[in-house]
Amino acid sequence: MAKKKKNPPAPRPAATDAPTTLKDMLSGEVLEKLKAQSDALKAEERDKKEAALKAAEDKRKAEQKRLENDFGHLLENSSQDWSKFK
């Protein structure tokens, strides 16, 4: 039987052969500015969401307080078995 010849492994492309990305082309200073801007936008979005949640919670509390002072609402939603309060 004849010995099989081993093919040498194909050379892997070096890191320098990889396509150039935008991150590689930008300077470190520009990247830092972009990251800072991104962080600022994320913080602003988070603040907006918190403000919207707080506004919704305040609105719900105001509605609950209004309903607690509304005799008709209390009468409709109260238990009709008043004998237990005698």
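As the structure is a computational prediction, the values presented were derived from the model and not from experiment.

### Examining the overall build of the chain
Broken down by element type, the chain carries three helices and zero strands. Tracing the chain from N to C terminus, the helices and strands come up as α-α-α. A total of 86 residues make up the chain; the buried ones form 1% of that total. With an accessible surface of roughly 8,900 Å², the chain has 58% of that area assigned to carbon and sulfur atoms.

### A short note on the confidence of the model for the chain
Per-residue pLDDT for the chain averages 84, and the proportion of residues at 70 or more is 85%. Mean pLDDT across the elements of the chain ranges from a minimum in helix α1 (residues 22-25), with 76, to a maximum in helix α2 (residues 28-68), with 94.

### A closer look at a nonpolar patch on the surface
There is a patch of nonpolar side chains on the surface, built from F71, L75, W82 and F85 and spanning about 520 Å² of accessible area. Relative to the helices and strands, L75 resides in helix α3 (residues 71-77). Of the residues examined, L75 reaches a relative accessible area of 38% and is grouped as partly exposed.

### Observations regarding the pattern of salt bridges
Under the counting rule described, the total for this entry stands at five salt bridges. For E44, the salt bridge goes to K48, with nearest N and O atoms at 3.8 Å. One end of the pair, E44, and the other, K48, are both in helix α2, four residues apart, so they sit about a helical turn from each other. According to the relative accessible area criterion, E44 is partly exposed, its value standing at 41%. A salt bridge links E57 to R60, with the nearest nitrogen and oxygen atoms 2.6 Å apart. Of this pair, E57 and R60 both sit in helix α2, three residues apart, which is roughly one turn of the helix. According to the relative accessible area criterion, E57 is partly exposed, its value standing at 32%. In this structure R60 comes out as partly exposed when scored by relative accessible area, which is 48%.

Scoring rules and cut-offs
Counting restarts for each chain: residues are numbered from 1 in the order of the written sequence. It should be noted that, the model being predicted, local features are given only for residues of pLDDT at least 70 and side-chain atom pairs only at 80 or more, the latter also being counted only at that level, while totals for whole chains, interfaces and linings use all residues. Hydrogens and water molecules were not included; the side-chain quantities draw on all heavy atoms of the structure. Starting at the N terminus, helices and strands are each numbered in turn, a helix being any DSSP run of H or I of at least four residues and a strand any DSSP run of E of at least two. Throughout, exposure labels follow a simple rule: accessible area from a 1.4 Å probe, protein chains only, divided by the maximum for the residue type, with under 20% read as buried, over 50% as exposed, and the rest as partly exposed. The method behind every accessible area is Shrake-Rupley, applied with a 1.4 Å probe, and residues are considered shielded solely by the protein chains displayed. Think of pLDDT as the predictor's per-residue confidence, scored from 0 to 100. In this analysis, a patch consists of residues with relative accessible area above 30% that form no salt bridge, clustered at 9 Å for like charges and at 5 Å for the nonpolar side chains Val, Leu, Ile, Met, Phe, Trp and Tyr. One side-chain nitrogen of Lys or Arg within 4 Å of one carboxyl oxygen of Asp or Glu is enough to make a salt bridge.

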